[in-house]
Amino acid sequence: MSANQGKPSASENDWIRITSNDGFSFLVPRKVAVVSGTLKNMLSTESNFAEAASNTCPMSERGVIVEKICEYLTYKALYEKAPPKEEIPDFLERLAPEISLELLMAADYYDVPPPLP
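Residues numbered from 1 in each chain as written. Predicted model: local features only at pLDDT ≥ 70, side-chain atom pairs only at ≥ 80, totals over all residues. Heavy atoms only, no water.

As annotated in an unreviewed UniProt entry, the protein chain carries the name Elongin-C and is attributed to Cristinia sonorae. UniProt lists a comment for the protein chain under the heading Sequence similarities (unreviewed entry), and it reads "Belongs to the SKP1 family." One UniProt comment on the protein chain, placed under Subcellular location (unreviewed entry), says "Nucleus". (UniProt positions renumbered as here; feature names shortened; annotations may be inferred.)

Pasting the structure below:
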């Protein structure tokens, strides 16, 4: 018998549904979602959180903010291990000034790592 019998296995190939408080849903690969420290803890099989069992993480943010967080997590996962000489696009150019403060607060709460140097 395996030690994880009866528990769902967390595979990097799993898809995670992230939902906003206004009803929008975003599907991202697990390896993208776990870039966020908070989402990583929520999805940990050892945590026994409902999010880990359902692969769904509700966020208490508007859809536009959740969309940008998902976009940034994807950007971070994609370029984090890029070779030093590779041209990495500036993510800040994708941000509207109107959502900057709200996005900064959400990024802090969800433990999103800072931009690449």
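Novice: I tried to follow the sheet that holds strand β2 (residues 25-29) on my own but got confused; where do I start?
Specialist: Strand pairing within a sheet occurs via backbone hydrogen bonds; the two strands may be parallel or antiparallel. In space, the 3 strands of this open sheet follow the order β2-β1-β3, with mixed pairing throughout. Each having just a single partner strand, β2 and β3 (56-58) make up the two edges of the open sheet. Strand after strand, the sheet turns through a mean of 25° between neighbouring axes, direction not considered. Here 5 bridges tie strand β1 (residues 15-19) to β2, and the two strands are oriented antiparallel to one another. Looking at β2, one finds that T19 is bridged to S25. Contacts from helix α4 (residues 63-79) reach β1 and β2 within the one sheet, and its direction differs from that of β2 by about 10°. (Pairing = 2+ DSSP bridges. Helix = DSSP H or I, 4+ residues; strand = E, 2+ residues; numbered from the N terminus. Axes fitted to C-alpha atoms, helices over the stretch in contact; angles between N-to-C directions. Contact = heavy atoms within 4.5 Å.)

Novice: Quick question: what am I supposed to make of α4 here?
Specialist: Here α4 spans 24 Å end to end across 17 residues, near enough to the 24 Å set by a 1.5 Å rise per residue. If you check which residues of α4 are buried, you get G63, I65, V66, K68, I69, C70, Y72, L73, Y75, K76 and Y79. Looking at the packing, one finds that the buried side of α4 touches β1, β2, α1 (30-33), α2 (37-43) and α5 (100-109). (Expected span 1.5 Å × (residues − 1). Buried < 20%, exposed > 50% of the residue type's maximum accessible area, 1.4 Å probe, protein only.)

Novice: Got a minute to help me understand the pattern of salt bridges in this structure?
Specialist: Pairs can form between side chains of opposite charge once their charged atoms are near each other. Applying the stated rule across the entire model yields 4 salt bridges. A salt bridge links D14 to R30, with the shortest nitrogen-to-oxygen separation between them at 3.5 Å. A residue pair is termed long-range when its members are at least 10 positions apart, and D14 in the segment before β1 and R30 in helix α1 qualify at 16 residues. On the basis of relative accessible area, D14 is assigned to the buried category, the value being 19%. For R30, a relative accessible area of 8% corresponds to the buried category. Here R62 and E102 are joined by a salt bridge, their closest N and O atoms 2.8 Å apart. One end of the pair, R62, is in the loop between β3 and α4; the other, E102, is in helix α5, and 40 residues separate them in sequence. (Salt bridge = Lys/Arg side-chain N within 4 Å of Asp/Glu carboxyl O.)

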